[in-house]
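Read off the chains here:
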Amino acid sequence: MADYIDWETGLGLPSESIDDEIKGTDELKLSNRLYKVGNTAEEIERFTVDESMGDVDRALYILKHGANVQKHSVVNSLPNLLHEHTSESRTRVLPALLDTIATEPKDFQIAVGKGMLQLMERGLLPPKTVQMVAGVARKLMDGKDSETVQVWSDILILAIKFMPLDVIENEILPEALLDGGLAQPSPFRLWCCRVLGAVATRMEGKKAEDLFFRKAMTLCQDTDYEVRACMCRQLNAIARAVGLNLTKSALLPEYTELLTDEEDVVREAAIENLMTLLEFLDGDAKVRIVMPQWKKLCDERPPRILTLIAKELGGFMWQTKDQMSDSDTKWFVGFFQSIAASAVPEQREMCAFNFPAILKCVGAEGWDAFKLYRTFDSLATDECVAVRRRIAGGFHEVAAILAPNMNACLQIKPIFVKLLSDTEVEVFHASVKNTDQILGVFTAVDRKHSSAPNLSSCLSNAASNPAHSDLLFQLLRRERECATTQSRSWGWRVHMDLVAQFAGFTDHFEAERVNDLVVPALFKLLADNVVIPIKKVVITCLCQYLRKMRRAEHRDRIYRQMQGTQVTFPPRTMVHGFCVFTHAAERTNAEIKDAPSYHQRMLYLQICETVLQMFSHKYFRDHFIQGYLTTAQDRVPNIRLRFIGLLPQVRKVIRIPADSTLLHTLTETVSGLAMGDTDRDVAAVAAEAYAAFGGAVGGGAGIASRAAAA
């Protein structure tokens, strides 16, 4: 609700009186500047509010005596007032606001209208207040300002959802039906259409049929195309109100006429709304009425709405797939393929968007039967960036559908490599986001159809597949490009999303390739990259490798590389209990927690948190808790704050009475920070932690959040 406020207009000040650099950014400077602008005591008094007033009294005072900009602040604070002072706000503030709004400036009326919309949508207004708001809306709708009328019209339409039925039947609906007369101006008939759609959600069956169904059908034949289009958008609600039988006998024939309307706007409205009505219709209506109309539309190929037809085709085929015969399916797939070869980029884009839906309708076996490979390859190599982006964004869905078809999966692998090679960031980013899922499909298919006797050899065979190797090499090449030449133009988030996919490589590629190619690339990235989120993702990837790599030498090499670059992450292979890794972990921990770089030492605490989440309590006690305790003496206050933030989790790993000595050490450390730390934020948070657990440091979510805030 916090809309932009034009301070100069609200205060009646000239635009040059307030510099652009302070608009809406520094309230203190703004206040001082305003007082300088006002030269008289009366002007200063006008903007002064007694600070001793309560929230409700202050709001009422401002609404009565304040400037326009101050009244805006009351509107923006309405959600908080209703939350903290529900009864008083409903009985005092809202009535005062609504009583005076008719005489307020247009910008304030619009702001209040938008605020009321949000309050009603959130259910913060009781029915009685909603009726009051609706009464104000009906008055303001008679104004001349179009924006004000539009906002308060939306309010009245929404208010119908909360009004008592008797008010709707006796006040709202009769007026709307009068407005819908043929002699009334078009805006009145448009309003009638909107009201009928809103009322339909509150009435059912015979009552809806008797009160307004005939009027709705008449408005579908209105001489003004805008009225016909508006009424068409309400037909779904009306259909559900009157029931299936009347919909089939009376409403669907109107739909068919609207689908063939002379105005494209009306036809577009009919197509879009018919799609949402399909789930309500039974099979008989789909076969007898809807499918013939769709065929007629497709045969006609109206130029201005062909893009919309292409957009809705996938949803239409999915909703009617159970009623379609083989010949119908063949006909619509053929139409889809013809549009996919259109010269209009927007139509090809919609076909690319709908490709997974079309494939879902025909199944994996339809890939070969309808020769969909040609269409898919054509769209994936289209000259239009938007088309390729759509294909890339839905590639994982296509791969999942084609999983039972091994030959089809082999066909689309090179296409995926091409998409990963795309020079456009939109296409590449869309391809990268679901890479792990796509690789999972490829690997699962290869495993399923492999004759290898065990899982290990299956994975080896799948990973040694040339297409798999091409994918790996291409992903690594693109990672290097993101890290170097593309880092500035593409942004670090694209790079991070790509690296995040590396975490599953041990499931999809041969362990030797991951060890020889991927691990060195990740270590280089960890050492060179300056983006902290990317470093965290790299740590996660290496963690996954250490957990999943089966060969001890691979895990050992990762630890030795960590030690050599003086960069590491939680030594998670220790979960396997190999003694050689214990020594490597201890040496590496020392390099990080005692590093001269503040960022490296903070990374050590991040490692501690990760270990606490993923490993056993014993592992943390044996290998990390001593290093964790030393960070309490770090010279940087933020690191000491981070130390305190981890206390609730660390306390859980300490056993009593077995670890009584360790608990005593931890308690003494926190006590020392609380009483002797030179940084007041650290001392305050440490004192809170010490007091919260009665001198025995323990769990509590508040400490971590307080430490982070400090």
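**Some details on the overall build of the protein**
Right, so step 1: Secondary structure summary: the protein contains 45 helices and 0 strands in total.
Right, so step 2: Here the protein holds 710 residues, and the buried ones make up 51% of them.
Right, so step 3: The contacts of the protein with a sequence gap of at least 6 include a subset with a gap of at least 24, amounting to 66%.

**Considerations on the environment of Ile155**
Right, so step 1: With respect to the helices, strands and loops of the structure, Ile155 is situated in helix 10 (residues 146-159).
Right, so step 2: Relative accessible area serves as the criterion here: at 0%, Ile155 is assigned to the buried category.
Right, so step 3: Those residues in contact with Ile155 that sit more than four places away from it in its chain are Gly113, Met116, Leu117, Met120, Val133 and Ala137.

**Quick word on the environment of Thr223**
Right, so step 1: Secondary-structure assignment places Thr223 in the loop between helix 13 (205-219) and helix 14 (225-232).
Right, so step 2: Note: C-alpha distance between Thr223 and Leu182 (41 residues apart in sequence) is 8.9 Å.
Right, so step 3: Other than its neighbours up to four places away in sequence, Thr223 contacts Arg189 and Arg228.

**Here's the deal with the side chain of Asn68**
Right, so step 1: In this fold, Asn68 is placed in helix 5 (residues 68-76).
Right, so step 2: Of note is the side chain of Asn68, whose polar atom sits 3.0 Å from the side chain of Asp107.

**A few points about the pattern of salt bridges**
Right, so step 1: In total, this model carries 36 salt bridges according to the counting rule given.
Right, so step 2: Note that Arg389 is salt-bridged to Glu349, the shortest N-O span being 3.8 Å. With Arg389 in helix 24 (residues 385-393) and Glu349 in helix 21 (residues 345-362), this residue pair connects regions lying 40 residues apart in the sequence.
Right, so step 3: Overall, the relative accessible area of 28% leaves Arg389 in the partly exposed class.
Right, so step 4: Residue classification places Glu349 among the buried positions, given a relative accessible area of 14%.
Right, so step 5: Two residues, Arg390 and Glu349, come together in a salt bridge whose shortest N-O distance is 3.1 Å.

**Here we look at the packing of helix 14 against helix 17 (residues 264-277)**
Right, so step 1: Following both chains from N to C, one finds helix 14 and helix 17 inclined at 5°, their axes separated by 9 Å at the closest point. Classified by the angle between their axes, helix 14 and helix 17 sit roughly parallel to one another. Where helix 14 abuts helix 17, its residues Tyr225, Arg228, Ala229 and Cys232 lie against Val265, Val266, Ala269, Ala270 and Asn273.
Right, so step 2: In terms of residue class, the contact of helix 14 with helix 17 is made up of 7 nonpolar, 1 polar and 1 charged.

**Observations regarding the nonpolar core**
Right, so step 1: Core analysis: the biggest nonpolar cluster contains 215 residues, and Met116, Trp152, Trp294, Phe316, Tyr545 and Tyr628 have the highest contact counts within it.
Right, so step 2: Sequence-distant contacts of Phe316, that is, excluding residues within four places in its chain, are made with Met275, Leu278, Val290, Met291, Trp294, Met324 and Phe332.

**Things to note about unusual backbone geometry**
Right, so step 1: That bond from Ile656 to Pro657 is cis: its omega, 10°, falls within 30 degrees of zero.
Right, so step 2: In this fold, Pro657 is placed in the loop between helix 42 (647-651) and helix 43 (660-676).
Right, so step 3: With a phi close to 50°, Lys371 is a non-glycine residue in the positive phi region.
Right, so step 4: Within the element layout of this structure, Lys371 appears in the loop between helix 22 (366-369) and helix 23 (372-380).

**Remarks on the packing of helix 4 (residues 55-65) against helix 7 (residues 86-100)**
Right, so step 1: Orientation of helix 4 relative to helix 7, taken along the N-to-C sense of each, is 10°, at an axis distance of 10 Å. By the criterion of interaxial angle, the relationship of helix 4 to helix 7 is roughly parallel. Contact residues: Val56, Asp57, Ala59, Leu60 and Leu63 in helix 4; Glu88, Arg92, Val93, Ala96 and Leu97 in helix 7.
Right, so step 2: By residue class, the composition of the contact of helix 4 with helix 7 is 7 nonpolar, no polar and 3 charged.

**Examining the packing of aromatic side chains**
By convention here, two paired aromatic rings are described through the distance between centres and the angle between planes.
Right, so step 1: If you walk through the whole model with that rule in mind, you get 17 aromatic pairs.
Right, so step 2: Geometrically, the ring pair formed by Trp367 and Phe376 is edge-to-face, given 5.9 Å between the ring centres and 70° between the ring planes.
Right, so step 3: The ring of Trp318 has Lys321 sitting right over it, with the charged end atom 4.5 Å from the ring centre.
Right, so step 4: Sitting above the plane of the Phe428 ring, Arg478 keeps its charged end 4.4 Å from the centroid.

**Structural notes on the confidence of the model for the protein**
Right, so step 1: Residue-level pLDDT values for the protein average 82, and 83% of them are 70 or greater.
Right, so step 2: In this model, residues 34-38 is a region of pLDDT below 50 whose contacts with residues beyond four sequence positions or in other chains number 10 contacts.
Right, so step 3: Segment residues 698-708: pLDDT under 50, and 22 contacts once partners within four positions in sequence are set aside and those in other chains are kept.

**Let's talk about helix 26 (residues 406-420)**
An α-helical turn contains 3.6 residues, so a residue and the one three or four places further along point in the same direction.
Right, so step 1: If you check helix 26, its first and last C-alpha atoms are 21 Å apart, about what 15 residues at 1.5 Å a residue would give, namely 21 Å.
Right, so step 2: Of all the residues in helix 26, the buried ones are Ala408, Cys409, Ile412, Lys413, Ile415, Phe416, Val417, Leu419 and Leu420.
Right, so step 3: In this structure Asn405 caps helix 26, since a side-chain oxygen of it lies 3.3 Å from the backbone nitrogen of Asn407.

**A look at helix 38 (residues 598-614)**
Right, so step 1: Helix length check: helix 38, at 17 residues, gives a terminal C-alpha distance of 25 Å against a target of 24 Å (1.5 Å per residue), a fit within 8%.
Right, so step 2: Across the 17 residues of helix 38, 12 count as buried, placing the element largely inside the fold.
Right, so step 3: Among all positions in helix 38, only Gln600, Arg601, Met602, Leu603, Tyr604, Leu605, Ile607, Cys608, Glu609, Thr610, Val611 and Leu612 are buried.

**Examining the side chain of Asp179**
Right, so step 1: Tracing the chain through its elements places Asp179 in helix 11 (residues 165-179).
Right, so step 2: We note that Asp179 is buried and unpaired, the nearest opposite charge coming from Arg138 at a distance of 8.8 Å.
Right, so step 3: Among residues more than four places away in sequence, those in contact with Asp179 are Gln184, Phe188, Arg189, Trp191 and Cys192.

**Digging into the environment of Leu372**
Right, so step 1: Residue placement: Leu372 occurs in helix 23.
Right, so step 2: When the C-alpha atoms of Leu372 and Gln337 are compared, they prove to be 8.2 Å apart, with 35 residues separating the residues in sequence.
Right, so step 3: Apart from residues lying up to four places away in sequence, Leu372 is in contact with Val333, Gln337, Phe355, Leu359, Val362, Gly366 and Trp367.

Reading the values: the criteria
- Residues numbered from 1 in each chain as written.
- Predicted model: local features only at pLDDT ≥ 70, side-chain atom pairs only at ≥ 80, totals over all residues.
- Heavy atoms only, no water.
- Helix = DSSP H or I, 4+ residues; strand = E, 2+ residues; numbered from the N terminus.
- Buried < 20%, exposed > 50% of the residue type's maximum accessible area, 1.4 Å probe, protein only.
- Contact = heavy atoms within 4.5 Å.
- Polar contact = N/O pair within 3.5 Å; in protein donor to acceptor, adjacent residues only side chain to side chain.
- Salt bridge = Lys/Arg side-chain N within 4 Å of Asp/Glu carboxyl O.
- Axes fitted to C-alpha atoms, helices over the stretch in contact; angles between N-to-C directions.
- Parallel < 35°, antiparallel > 145°, perpendicular 65-115°, else oblique.
- Nonpolar A, V, L, I, M, F, W, Y, C, P; charged D, E, K, R; others polar.
- Core = buried A, V, L, I, M, F, W, Y, C linked by side-chain atoms within 4.5 Å.
- Phe/Tyr/Trp six-rings, centres within 6.5 Å; stacked < 30°, edge-to-face > 60°.
- Lys NZ or Arg CZ within 6 Å of the ring centre and 35° of its normal.
- pLDDT = per-residue confidence, 0-100.
- Expected span 1.5 Å × (residues − 1).
- Lys, Arg positive; Asp, Glu negative; His and termini not counted.

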